[in-house]
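Chain residues, written in single-letter form:
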Amino acid sequence: MAPTLSLALDLAGIFVFGLSGGLLAVHRRMDVFGVIVLALAAALGGGALRDVLLGDLPPEALRSAAPLLAGLGAAAVSFFFHRYLDRLGSAVRLFDAMGLGLFCVAGAVKGVSFGVGPLQATLLGVMTGVGGGALRDLLANQVPLVLEREIYALAALVGAAGAVALLPAAATATGLRIVAMRRGWHAPRAPGT
Amino acid sequence: MAPTLSLALDLAGIFVFGLSGGLLAVHRRMDVFGVIVLALAAALGGGALRDVLLGDLPPEALRSAAPLLAGLGAAAVSFFFHRYLDRLGSAVRLFDAMGLGLFCVAGAVKGVSFGVGPLQATLLGVMTGVGGGALRDLLANQVPLVLEREIYALAALVGAAGAVALLPAAATATGLRIVAMRRGWHAPRAPGT
Amino acid sequence: MAPTLSLALDLAGIFVFGLSGGLLAVHRRMDVFGVIVLALAAALGGGALRDVLLGDLPPEALRSAAPLLAGLGAAAVSFFFHRYLDRLGSAVRLFDAMGLGLFCVAGAVKGVSFGVGPLQATLLGVMTGVGGGALRDLLANQVPLVLEREIYALAALVGAAGAVALLPAAATATGLRIVAMRRGWHAPRAPGT
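Described below are features of the structure shown in this document. Because the structure is predicted, anything quoted here is derived from the model rather than measured.

Rules of the game
- Throughout, a residue's number is its position along its own chain's written sequence, starting from 1.
- Naming scheme: in the order in which they are written, chains are lettered from A and ligands are numbered from 1.
- Only residues with pLDDT of 70 or above have their local features reported here, since the model is predicted, and side-chain atom pairs are shown and tallied only from 80 upward, although totals for entire chains, interfaces and linings are computed over all residues.
- Where helices and strands are cited, they refer to DSSP runs of H or I of at least four residues and of E of at least two residues respectively, numbered from the N terminus.
- Note on burial: count the other C-beta atoms lying within 10 Å of the residue's C-beta; 20 or more is buried, 12 or fewer is exposed, in between is partly exposed, and C-beta positions come from the backbone.
- This entry defines residue contacts through backbone-placed C-beta atoms, with two residues in contact when those atoms are within 7 Å.
- Residues are grouped as follows: nonpolar covers Ala, Val, Leu, Ile, Met, Phe, Trp, Tyr, Cys and Pro; charged covers Asp, Glu, Lys and Arg; every other residue, Gly included, is treated as polar.
- Given a helix with a known number of residues, its expected span is that number minus one, times 1.5 Å.
- Given a residue, its bend is the angle between the two axes fitted to the seven residues that end at it and to the seven that start from it.
- We superpose the copies by least squares over the C-alpha atoms of residues that have a pLDDT of at least 70 in both of them.
- Between the N-to-C directions of two axes lies an angle of 0 to 180 degrees, each axis being a line fitted to C-alpha atoms and, for a helix, fitted only over the stretch in contact.
- Angle categories are assigned with fixed cut-offs, so that under 35 degrees is roughly parallel, over 145 is roughly antiparallel, 65 to 115 is roughly perpendicular, and the rest are oblique.

**Some remarks on the overall build of chain A**
Secondary structure assignment for chain A yields eight helices and zero strands. Along chain A, helices and strands appear, N-terminal first, in the series α-α-α-α-α-α-α-α. Each of the 193 residues in chain A was classed as buried or not, and the buried ones make up 52%. Of the contacts made within chain A by residues no fewer than 6 positions apart, 71% connect residues no fewer than 24 positions apart.

**Looking at the interface of chain A and chain B**
On the chain B side, the residues contacting the 17 residues of chain A number 19 residues. Going through the elements one at a time, α2 (32–54), α4 (65–86) and α6 (118–139) of chain A are the ones with two or more residues in the side of chain A that touches chain B. Residue contributions to the side of chain A that touches chain B peak at five residues, all from α2(A). When the residues that make up the side of chain A that touches chain B are grouped by side-chain class, the tally is 14 nonpolar, two polar and one charged.

**Re the interface of chain C and chain A**
Quoted interface sizes are often the accessible area lost when the parts come together. With 17 residues of chain C at the contact, the number on the chain A side is 20 residues. Within the residue set of the side of chain C that touches chain A, elements represented by two or more residues are α2 (32–54) and α6 (118–139) of chain C. Of the residues belonging to the side of chain C that touches chain A, the class tally is 14 nonpolar, two polar and one charged.

**With respect to α2(A)**
Residues and elements named next belong to chain A. When the terminal C-alpha atoms of α2 are compared, their 33 Å separation across 23 residues agrees well with the 33 Å that a helix rising 1.5 Å per residue should span. The largest bend in α2 amounts to roughly 45 degrees and is located at L44. Once α2 finishes, G55 follows within two positions and takes phi at roughly 70 degrees, a positive value.

**Quick look at the relation of the copies chain A and chain B**
With an RMSD of 0.1 Å, the fit of chain A onto chain B corresponds to turning through 120 degrees and sliding 0.0 Å along the axis. Such a combination of turn and shift is consistent with a three-fold rotation axis. An asymmetric contact is evident, with only 12% of the interface residues of chain A recurring at the interface of chain B.

**Focus: the relation of the copies chain C and chain A**
Superposition of chain C onto chain A requires a rotation of 120 degrees combined with a translation of 0.0 Å along the rotation axis, giving an RMSD of 0.1 Å. Little of the interface of chain C is mirrored in chain A, where only 12% of its interface residues again form contacts.

**Comments concerning the packing of α2(A) against helix α5 (residues 91–113) of chain A**
Helix-helix packing: each pair is described by the crossing angle between the helix axes and the interaxial distance. Residues and elements named next belong to chain A. Direction vectors running N to C along α2 and α5 enclose 10 degrees, while the axes themselves pass 11 Å from each other. By the angle between their directions, the pair α2 and α5 is classed as roughly parallel. Counting all contacts with α2, which are made through G46, R50 and L54, the residues of α5 involved are F103, G107, K110 and G111. Looking at the contact of α2 with α5 residue by residue, the classes come out as two nonpolar, three polar and two charged.

Here it is, written out as structure tokens:
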């Protein structure tokens, strides 16, 4: 169940980041290829950066078709339905914030599972969260959102650090449960049962 | 013969991409080092991105001196002969388009040979084709050509997808020929010969 | 002693590059997170690029906490003490130049030790030296210093090429000494001793 949940979170993050890139391209009056390029850059950039730095190559985005299809789907949705999405207000930033939350946790968790230390895993989570958006903004020739919005970087930091901090607790709990099942440990029962 | 052809195509792509970077630097009135930096970024960026993503490290550009010399040669030619090259019209875009065609095929073919799926190999081919030019344009602080010229990205996509589509046919043909030679198969001959 | 010296040089380079990034962010009136992002990008970008290209992954900046702490320390110093640093004159360029010298040598030396040829090791040294500063400038949406200041790229080139040229001499000397110690060789002594 954990890998399925992780994959679902990843694909959700890819899709909303892709929407942020596709919408930015539409707002800039780029053609369909510009929409695809910015959507894929935002959707896949952060995860690719994370996997390159961990040496987990080729990155997940090239190992199966699902991430790429999620990014292309986001490009298509932004291209055809941007009017509806823009009714949500500042939609680029909204989707960017959702992707940020999903990705900074995913990046930090993967860093820990590859054995990097807690401080570095937090940095990796932040880079995973902000990498795709920064690449999107660089390609569109604007100062990355991450440098202009304090709350943006703060959210990434809190998410990544939180994931790193909670992980040992979760891992201890899971490990304890497995040991308990193997050894037949159980919590004290009420007397007489 | 195949590796020789592949190497020749690679070096040709590196050289023309290098010209596009060197000429852009000359047009921007950069000094000799700016010419070298933009020429090498355009010439070697796409292939380096491809090799990093495939985990084929160090990238080809650092494994032998030939790619680097081809890029430096392009920098020298742009520096000394830019007047002649500019007579060709919009020379930066012309050389960029030639490099694009050579690189997107090379990237897609290498992706397939490293076992990535057809859709992802197409993406990798496009990234190899547009990566060097995008890095050149980012360093020169302009919106990448790939985001402004629809025909540009379309050409890369057609080239990369075509290479992926044709590759199984070519591989089947080659494989069949090798098996046929080993087992002494031959097509039916005219009766009585 | 050599690893200790190498680590000290690395951390010194990381710290001064971090100062250049943090000060640029302060001058651009970015908030505390912008200061941290630009400081870490400048401090860790060049070394991460070098390690990615050599396939030495995760990069040194993620393998121990020291580089990250040095970068964060530089961000804190720029944030609180920028008034004092700016009295040094054009402080961003000054610290950038110091980091450049330290990093281009470190990059070239690591390239040689990973077996890449002398020309490519020089390129790798230059990329290590200018990579962090280029990333810092790209994120701040300005043309990288390396493309505007000829003396900048020249210094990196001289440093990297010098390191590559001197290395065989140093390695020969070290190797000879080791062989001499093992075999009991010694220089001729004065007669009668």
